[in-house]
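Residue-level structural notes
Here are the chains, one letter per residue:
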Amino acid sequence: MSGDPKEWIAVAALPGLGAASVKRLWDLGWTPGRLLGGSELDWQRLGLKSSTINALQQYHAGASRSQVAAQVNQALTWLDNTADASILPLTHPEYPTLLKQIHDPPVILFVRGGLTALSLPQIAIVGSRSASAAGLRQAAEFARYLAENGLSTCSGLALGIDAAAHQACVAQQAPTIAVLGTGLDRPYPQRNLKLAEQILANGGCWVSELFPGSAPRAAHFPRRNRIISGMSLGVLVVEAALRSGSLITARQAMEQGREVFAIPGSIHNPLSKGCHQLLREGALLVESATDIIQPLAPMLGYLAENVTGPAPEPDITASLTPAQQAVLAWLGYESLTLDQLSTSSGLDVEELSVCLTELELLGIIAHAGGVYQRC
């Protein structure tokens, strides 16, 4: 590690100095120690903002009320009091290699859990918080196949697609990485706290650039998303609306030179529209795990040669009654209400309801939000 980690923490805490600016200064030879020990004339020549210069002056003078000093102490206290905690400056050997390559890498990373997971090749899996049953299943299947083939899944611990991908890795006892838009002492959302703890228990980790105590604010999550894409070889978008954080992640990945993959869906499903837009913009269409592995073959080496696809699933529809098969055929791969199905099939609502209930109990279809769809 180059320099005192305390100095890196102090630089990360400076107001008005973003990650891209710190990277630029570092490339010009301005190490944290040199920056913190500089003169006011140095700081002015570097074009630093007045708020940054004022904070540097207070910290340099050892002012008791220095906000930077307070944040440094807060970070070090968290580090000392959390058994599985790490703070990784840009120069730390465990800092993710790919993340260093983006134009605005986090100055420091707060980490809880096993650092080994950060060194594994990663694929980000992201998507809607209000995902369909089919989307949740797809996220879980891809995360499981990737884990079986030596890749780690990175996501944001959000409800929906993120949680499904993380949970599939936990079920496989495989490491997965959760990148948070909060301080690591405040994992969010609370509904996923048990899942977050399972991630740590299975050798995964939590990552954030935000200081302990940072609350879940809207502005934090787009910044969080660049870390998800920046650490990953590629980003798989399972389901996404046209205006969503998942599309922000995907476009950041494109800007970072990462591969973007998208799963197509029904033209009537609003959660497919984001994926279709990404496909128009050059994302790669994905139907199986090999559609992700093969484009990344030059970076994955032997993993690409040994990747195995999912085992074929048994055809449960062969054992259905003629009435059940007819209803499933009318449903197709759309999301339809009971009335829509009744109108298109010509079946009596009562008879149709019985068949739909039977198919739901068999796990072939799901009923949510007033519509039926295949699982």
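Structure first, text after, so check above.
I will try to describe carefully the structure that is included in this document. Worth saying up front: this structure is predicted, and the values here are computed from it rather than measured.

**Notes on the side chain of Ser266**
Relative to the helices and strands, Ser266 is located in the loop between β8 (259-262) and α14 (270-280). Of the residues examined, Ser266 reaches a relative accessible area of 18% and is grouped as buried. Not counting the four nearest positions on each side in its chain, Ser266 is found in contact with Ser272, His276, Tyr333 and Glu334.

**Observations regarding the packing of helix α9 (residues 133-148) against helix α10 (residues 161-171)**
A pair of packed helices is captured by two measures, namely the crossing angle of their axes and the spacing between those axes. Two elements in contact, α9 and α10, have axes separated by 8 Å at closest approach and are oriented at 40 degrees. Here α9 is positioned oblique relative to α10, judged by the angle of their axes. Both α9 and α10 take part in a crossing whose hand is right-handed. Taking contact as the criterion, the partners of Gly135, Leu136, Ala139, Ala140, Ala143 and Arg144 in α9 are, on α10, Ile161, Ala164, Ala165, Ala168 and Cys169. For the contact of α9 with α10, a count of residues per class yields nine nonpolar, one polar and one charged.

**Some points on the environment of Trp8**
Looking at where Trp8 falls in the secondary structure, it is placed in helix α1 (residues 5-13). Residue classification places Trp8 among the buried positions, given a relative accessible area of 0%. Placed 100 residues apart in sequence, Trp8 and Ile108 show a C-alpha to C-alpha distance of 7.0 Å.

**Quick notes on the layout of surface pockets**
Of the voids in this model, the second largest pocket is the one considered here, and its volume is about 420 Å³. Lining the second largest pocket are 18 residues, and of these Ala12, Leu17, Glu209, Leu210 and Arg223 lie nearest its centre. Each residue belonging to the lining of the second largest pocket can be placed in one class, and the counts come to 12 nonpolar, four polar and two charged.

**Overview of the packing of aromatic side chains**
Summed over the entire model, instances satisfying the criterion amount to four aromatic pairs. With 5.6 Å between their ring centres and 80 degrees between their planes, Trp78 and Phe110 make a pair best called edge-to-face. On the criterion of sequence distance, the pair formed by Trp78 in helix α6 (residues 67-81) and Phe110 in strand β2 (residues 108-113) is long-range, its members being 32 residues apart. Judged by its relative accessible area of 1%, Phe110 falls in the buried class. Geometrically, the ring pair formed by Phe110 and Phe211 is edge-to-face, given 5.2 Å between the ring centres and 65 degrees between the ring planes. Residue Phe110 is located in strand β2, and its partner Phe211 is located in the loop between β6 (205-208) and α12 (220-231); the two are separated by 101 residues in the primary sequence. An aromatic cluster is defined as three or more aromatic residues linked by ring pairs; in this entry it consists of Trp78, Phe110 and Phe211.

What counts and what doesn't
- Residues numbered from 1 in each chain as written.
- Predicted model: local features only at pLDDT ≥ 70, side-chain atom pairs only at ≥ 80, totals over all residues.
- Heavy atoms only, no water.
- Helix = DSSP H or I, 4+ residues; strand = E, 2+ residues; numbered from the N terminus.
- Buried < 20%, exposed > 50% of the residue type's maximum accessible area, 1.4 Å probe, protein only.
- Contact = heavy atoms within 4.5 Å.
- Axes fitted to C-alpha atoms, helices over the stretch in contact; angles between N-to-C directions.
- Parallel < 35°, antiparallel > 145°, perpendicular 65-115°, else oblique.
- Left-handed = near helix turned anticlockwise from the far one by under 90°.
- Nonpolar A, V, L, I, M, F, W, Y, C, P; charged D, E, K, R; others polar.
- 1 Å grid on protein atoms, 1.4 Å probe; cavity = no way out; pocket = protein on both sides within 12 Å on 5 of 7 lines; lining within 4 Å.
- Points joined across faces, edges and corners; volume = space filled by probe spheres on them.
- Phe/Tyr/Trp six-rings, centres within 6.5 Å; stacked < 30°, edge-to-face > 60°.

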